[in-house]
Amino acid sequence: MSAPFTPRGTPCGPLLQNLWDYVRNEHDGVLLSPYLPAICALLTHVAFCAPFLVLDLFGASEWLRAWRISAEEPPPPLRAWLGCLWKIAVQYLTVVLPVTALLQKPRGHVRLPESSPTIWQLFVDVFACLLLFDTLFFFWHLCLHRFPWLYRNIHQQHHQHQAPFALQAQDASTSELLSLLLLARFSAWFVNCHPLTEILFHILNTWLAVEDHSGYNLPWALHRLLPFLGGAPHHHTHHSRHNVNFAPYFTHWDHLFGTYSWE
Ligand SMILES: [Zn+2]
Ligand SMILES: [Zn+2]
């Protein structure tokens, strides 16, 4: 659990405090809205996918093909992107948005803290959230593959594609989308992080999921900078082989359970 919020402990303290003051004073209604988690999840997902759409539109060119994980597979056409976007938007509007809003309702009465987190708290708590989410996702994902009923009814939809593209990070059954949103919310709640930290965690979480499904092993991908991350090649192998690489981001659980594969 994180320590109480003590701002201005580092040179970035005043900066974070000013940012937090602005968000808290000007946009507290938005911050406490029960619709915020689902709307943010959808919008950040689409925004982070946009650069990969551009890459896919030019993906047939020689220099880009070198970075594609399945170089022999042609990049998906715009039609596939639009179809996937429509499917995800309908799921969000009809189920994910109302259900998360209902679960979020009690939060409308929460009093926002006056202080921002320190930069150190922000870093430690985001990392703790990512570690916890990765752990919960790993065991949940393992169950989805080990129990045929769960696989058929919840996870199979996400495995329609052996070589996914970025937008397909959220091309999953409604129950799977909901379960992942809840695991992320639970991780932030358990770590007891500041709302600003929670926002950063959700943004990073979305980026990592998009990068995992992008189909590109780019020179500046996060897993090249941070070797304990699996990245797109790691998750791509999961989509093609199904029985390895169950963790979404880090690789330690797959190493421990003997389900790690690097191909
Ligand atoms: Zn996937
Ligand atoms: Zn899977």
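That block above? That's the structure.
Residues numbered from 1 in each chain as written. Chains lettered and ligands numbered in written order. Predicted model: local features only at pLDDT ≥ 70, side-chain atom pairs only at ≥ 80, totals over all residues. Heavy atoms only, no water.

Colleague: Sorry, what's going on with the coordination of the zinc ion (ligand 1) here?
Modeller: Each pair of donors in an ideal four-coordinate tetrahedral metal site encloses 109.5 degrees, whereas pairs in an ideal six-coordinate octahedral site enclose 90 or 180 degrees. Taken together, the protein donors to the zinc ion (ligand 1) comprise His-158 (NE2), His-213 (NE2), His-235 (NE2) and His-239 (NE2), at separations of 2.0 to 2.2 Å. Taken together, the 4 donor atoms coordinating the zinc ion (ligand 1) span angles of 91 to 160° at the metal, a pattern that classifies the geometry as irregular. Mapped onto the sequence, the donors of the zinc ion (ligand 1) take the spacing H-x54-H-x21-H-x3-H. Within this pair, whereas His-213 is found in helix 9 (residues 195–213), its partner His-239 is found in helix 11 (residues 231–241), the two being separated by 26 residues in sequence. Take His-213 and His-239: they sit in the same class, and that class is buried. (Donors = N, O, S within 2.8 Å, 3.2 Å for Na, K, Ca; no water. Tetrahedral: all angles 85-135°; square planar, octahedral: opposite > 155°, others 65-115°. Helix = DSSP H or I, 4+ residues; strand = E, 2+ residues; numbered from the N terminus. Buried < 20%, exposed > 50% of the residue type's maximum accessible area, 1.4 Å probe, protein only.)

Colleague: Teacher, can you tell me more about the environment of Leu-196 here?
Modeller: You can see Leu-196 is positioned in helix 9. Spatially, the C-alpha atom of Leu-196 lies 7.6 Å from that of Pro-117, the residues being 79 residues apart in sequence. Setting aside chain neighbours within four positions, we find Leu-196 in contact with Leu-16, Leu-19, Trp-20, Pro-117 and Leu-122. (Contact = heavy atoms within 4.5 Å.)

Colleague: When you look at the packing of aromatic side chains in this model, what are you seeing that I'm missing?
Modeller: For any pair of aromatic rings, geometry is given as the distance between the ring centres together with the angle between the planes. Taken as a whole and assessed by the stated rule, the structure comprises 18 aromatic pairs. Clustering of aromatic rings is evident, with ring pairs tying together Phe-48, Phe-52, Trp-207 and Tyr-216. (Phe/Tyr/Trp six-rings, centres within 6.5 Å; stacked < 30°, edge-to-face > 60°.)

Colleague: In this structure, what is going on with a nonpolar patch on the surface? I would like to understand it.
Modeller: Judged by side-chain polarity, Val-46, Val-54, Leu-57, Phe-58, Leu-78, Leu-82 and Leu-85 come together as a nonpolar surface patch covering roughly 610 Å² of accessible area. When contributions to the nonpolar patch are tallied by element, the ones reaching two or more residues are helix 3 (36–57) and helix 5 (78–104). Inspection of the secondary structure assignment puts Val-54 in helix 3. A residue is classified by how much of its surface remains accessible, and Val-54, at 45% relative accessible area, is partly exposed. (Patch = residues over 30% accessible without salt bridge, like charges linked within 9 Å, V, L, I, M, F, W, Y side chains within 5 Å. Areas by Shrake-Rupley, 256 points an atom, 1.4 Å probe, with all protein chains shown as cover. Salt bridge = Lys/Arg side-chain N within 4 Å of Asp/Glu carboxyl O.)

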